[in-house]
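Descriptive structure summary
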Amino acid sequence: MRRIEGYAIVSADGMIADRDGAMPGSIRNDADQKFLQTELDHVAVVVHGARSHEGGPRAARRKRLIVTRRIASVAPDPSHPNALLWNPAGATLQEALAKLNVGAGTAAIIGGTEVFGMFLPLYDAFHLTRAAFAKIPGGRPLFPGIGTQPTPEDALAAHGLKPGTTQDIDAAAGVTLTTWTREAATTTRNS
Ligand SMILES: NC(=O)c1ccc[n+]([C@@H]2O[C@H](COP(=O)([O-])OP(=O)(O)OC[C@H]3O[C@@H](n4cnc5c(N)ncnc54)[C@H](OP(=O)(O)O)[C@@H]3O)[C@@H](O)[C@H]2O)c1
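Residues numbered from 1 in each chain as written. Predicted model: local features only at pLDDT ≥ 70, side-chain atom pairs only at ≥ 80, totals over all residues. Heavy atoms only, no water.

**Some points on the overall build of the protein**
Within the protein, the regular secondary structure consists of four helices and twelve strands. Radius of gyration (C-alpha) of the protein: 16 Å, near the 16 Å computed for a compact globule of 191 residues. The principal-axis extent of the C-alpha atoms belonging to the protein is close to 40 × 35 × 30 Å. Sorting the 191 residues of the protein into buried and exposed places 50% on the buried side. (Helix = DSSP H or I, 4+ residues; strand = E, 2+ residues; numbered from the N terminus. Rg over C-alpha atoms; globule rule 2.2 N^0.38 Å. Buried < 20%, exposed > 50% of the residue type's maximum accessible area, 1.4 Å probe, protein only.)

Pasting the structure below:
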């Protein structure tokens, strides 16, 4: 089995985007972006929904699966040569990765809500960045039905993950990073 790791930045009330699906400036953070982009340079494949993308100049080089209901199982993505469109209802993750010629390595799950939720029972690690000063009332939660009560942390704990040390990756902006892992409570990743 390959490793499955999730990456998200959430507001104080557990949201990843506003009610229209846009990511507000209050949860955009340079230290978090640097961490995410560096991590994604070392994974085997990036997996995200049709409205999510990590952006940045290195994105086109990365292999990716784009989750969508527009196709039945797996199909080429005409606009991204290194990507395939994937409908989990029609093909397993392993089948989709085989068609993309992805060998061993980590699959990075980067959103949005439904896609984060789909992998909740499977994460080996989840890198949860929190922007403590941001609130997005009525926004889109990290996991379906999860916000302030229960919290994203409650959901990760309920699925068997344990938190490592919380790092202040941008203290002035109130932004922290905690890596949750299945195997140990002490694992910490550097930004
Ligand atoms: N703060 C963060 O860390 C973070 C992370 C990720 C995203 N975001 C933000 O959140 C915004 C909204 O995210 P979102 O949840 O609306 O977007 P999303 O997951 O990127 O896209 C939703 C689309 O993904 C496809 N999809 C989702 N679940 C599926 C399933 N089970 N089976 C097949 N297809 C599925 C569908 O595409 P089709 O309509 O093509 O069928 C659906 O319309 C994004 O625009 C981004 O700005 C923030």
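**Brief notes about the pairing of strand β8 (residues 125–131)**
When a strand is regular, its side chains alternate between the sheet's two faces. Along β8, seven of the seven residues are buried, which leaves the element largely enclosed by surrounding structure. Burial along β8 is two-sided: the face carrying A125, H127, T129 and A131 and the face carrying F126, L128 and R130 are both buried. Pairing geometry for strand β1 (residues 4–11) and β8, over seven bridges, is parallel. Considered in β8, the bridge of E5 is made with A125. Direction of pairing for β8 relative to strand β12 (residues 175–181): antiparallel, over a ladder of seven bridges. In the strand pairing of β12, R130 is matched with T176. (Pairing = 2+ DSSP bridges.)

**Describing the site of the ligand**
Neighbouring the ligand are 25 residues, the closest being I9, S52, T68, R69 and R140. Backbone polar atom of I16 to a nitrogen atom of the ligand: 3.2 Å apart, as the coordinates give it. One nitrogen or oxygen atom from the side chain of R70 is found 3.1 Å from an oxygen atom belonging to the ligand. At the level of elements, β1, β2 (15–17) and α3 (113–118) are the ones that each hand at least two residues to the shell around the ligand. (Near = heavy atom within 4 Å. Polar contact = N/O pair within 3.5 Å; in protein donor to acceptor, adjacent residues only side chain to side chain.)

**What to know about the side chain of N87**
Positionally, N87 belongs in the loop between β6 (83–86) and α2 (93–99). For N87, a relative accessible area of 10% translates into the label buried. Those residues in contact with N87, other than ones at most four positions away along the chain, are T68, R69, I71, A72 and S73. (Contact = heavy atoms within 4.5 Å.)

**Structural notes on the packing of aromatic side chains**
Using the criterion set out here, one finds four aromatic pairs in the structure. Judged by centre distance (6.1 Å) and plane angle (50°), the ring pair of Y7 and F35 falls under tilted. In this pair, Y7 sits in strand β1 while F35 sits in helix α1 (residues 30–40), placing the two residues 28 residues apart along the sequence. Seen in terms of ring centroids, Y123 and F126 are 5.0 Å apart; in terms of plane orientation they differ by 85°. Their pairing is edge-to-face. Of the two residues, Y123 and F126, neither departs from the other in class, the shared state being buried. Within the aromatic cluster, the residues linked to one another by ring pairs are F116, Y123, F126 and F143. (Phe/Tyr/Trp six-rings, centres within 6.5 Å; stacked < 30°, edge-to-face > 60°.)

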